[in-house]
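Listed here are the chains, written in short residue letters.
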Amino acid sequence: LSSAWAISGAQQVGEADGHAGLWSGTGASWVNLHPSGASLSHAYGIYAGQQVGDVDGYATLWNGSPASRVNLHPSGTIYSCTYGVSDGQQVGEVDGHAAFWTGTGASRIDLNPSGATYSAAYAAASGLQVGEADGHAGFWRGMAGSWIDLHWYLPSSYSSSAAQGIEMY
């Protein structure tokens, strides 16, 4: 069983049989990003030669090979995952709080808006991060206090929303 989750240029990321991987347009181009000794890995995002996802529930950044893996998981936390990458930023969640990193575990910034019980960031571009907080789509500008709730701009018939992509022109 295999899945592809994202594409950037001529490369795609996803997983096959629980192993994160990278393709360049053909099945024969498969690069297994799964580190030795891990049980399960996923790759969800790709941009400019960087791939993001998780290894055994730990947020991860790769640069095209399993040996390039950077563990972004903050110490003292239970679960983390990265979903998107762009412009040197990686975005995702840590224990149910939206987060973004700039290439190291120590760089993590908690984006959880004040009062939110759950949030996650799914994509980033040009200093912005998009995702959701308590079922409301929105975006940030690099810190929790910058949260803009986009859900309020939807008709009242919508009960939940999430922003999962961003494109800057």
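What comes next concerns the included structure. This is a predicted model, so every value here is computed, not measured.

Thresholds, definitions, all that
Residues numbered from 1 in each chain as written. Predicted model: local features only at pLDDT ≥ 70, side-chain atom pairs only at ≥ 80, totals over all residues. Heavy atoms only, no water. Pairing = 2+ DSSP bridges. Helix = DSSP H or I, 4+ residues; strand = E, 2+ residues; numbered from the N terminus. Contact = heavy atoms within 4.5 Å. Patch = residues over 30% accessible without salt bridge, like charges linked within 9 Å, V, L, I, M, F, W, Y side chains within 5 Å. Areas by Shrake-Rupley, 256 points an atom, 1.4 Å probe, with all protein chains shown as cover. Salt bridge = Lys/Arg side-chain N within 4 Å of Asp/Glu carboxyl O. Buried < 20%, exposed > 50% of the residue type's maximum accessible area, 1.4 Å probe, protein only. Phe/Tyr/Trp six-rings, centres within 6.5 Å; stacked < 30°, edge-to-face > 60°. 1 Å grid on protein atoms, 1.4 Å probe; cavity = no way out; pocket = protein on both sides within 12 Å on 5 of 7 lines; lining within 4 Å. Points joined across faces, edges and corners; volume = space filled by probe spheres on them.

1. Some details on the sheet that holds strand 1 (residues 2-8)
Taking strand neighbours across the sheet as the criterion, the 4 strands line up as 1-2-3-4 in an open arrangement whose pairing is antiparallel. Of all strands in the sheet, those with a lone pairing partner are strand 1 and strand 4 (31-32), marking the two edges. Note: strand 2 (residues 11-16) against strand 3 (residues 19-23), 5 bridges, orientation antiparallel. Bridging from a neighbouring strand, A16 pairs with H19 of strand 3.

2. Side note on the environment of L1
Relative to the elements of secondary structure, L1 occurs in the segment before strand 1. Considering only alpha carbons, one finds L1 and Y118, 117 residues apart in sequence, at a separation of 30 Å. Excluding its chain neighbours within four sequence positions, the residues that come into contact with L1 are E15, A16 and D17.

3. Considering the sheet that holds strand 8 (residues 70-71)
Sheets are built from strands that pair by backbone hydrogen bonding, the pairs being arranged parallel or antiparallel. Spatially, the 4 strands line up as an open sheet ordered 5-6-7-8, and their pairing is antiparallel. Lying at the two open borders of the sheet, with one neighbouring strand each, are strand 5 (41-47) and strand 8. Where strand 5 lies against strand 6 (residues 50-55), 6 bridges are found, and the strand directions are antiparallel. Each bridged residue has a counterpart across the sheet, and for Y47 the counterpart in strand 6 is Q50.

4. What to know about a nonpolar patch on the surface
A cluster of nonpolar residues, I148, L150, W152 and Y153, forms a patch on the protein surface that exposes about 490 Å² of accessible area. Looking at where W152 falls in the secondary structure, it is placed in the segment after strand 16 (148-149). By relative accessible area, which is 63% here, W152 ends up exposed.

5. Points about the pairing of strand 15 (residues 136-140)
Across the 5 residues that make up strand 15, a large majority, 5, are buried. Burial of the side chains of strand 15 extends over both faces: H136, G138 and W140 are buried on one face and A137 and F139 on the other. The pairing of strand 14 (residues 128-133) with strand 15 spans 5 bridges and is antiparallel. Bridge pairing in strand 15 places G131 opposite G138.

6. Some points on the packing of aromatic side chains
A full pass over the atoms with the stated rule returns 5 aromatic pairs. Residues W5 and Y44 carry aromatic rings whose centres are separated by 5.7 Å and whose planes lie at 65 degrees to one another, so their mutual orientation is edge-to-face. With a gap of 39 residues between them, W5 in strand 1 and Y44 in strand 5 connect regions that are remote in the sequence. Its relative accessible area of 49% is what places W5 among the partly exposed residues.

7. Focus: the layout of surface pockets
Taken as a whole, the largest pocket encloses approximately 480 Å³ of empty space. Together, 21 residues line the largest pocket, and Y83, G84, V85, Y122 and A123 are the ones closest to its centre. Only strand 1, strand 5, strand 9 (80-86) and strand 13 (119-125) provide two or more residues apiece to the lining of the largest pocket.

Keep in mind these numbers describe shape, not what the thing actually does.
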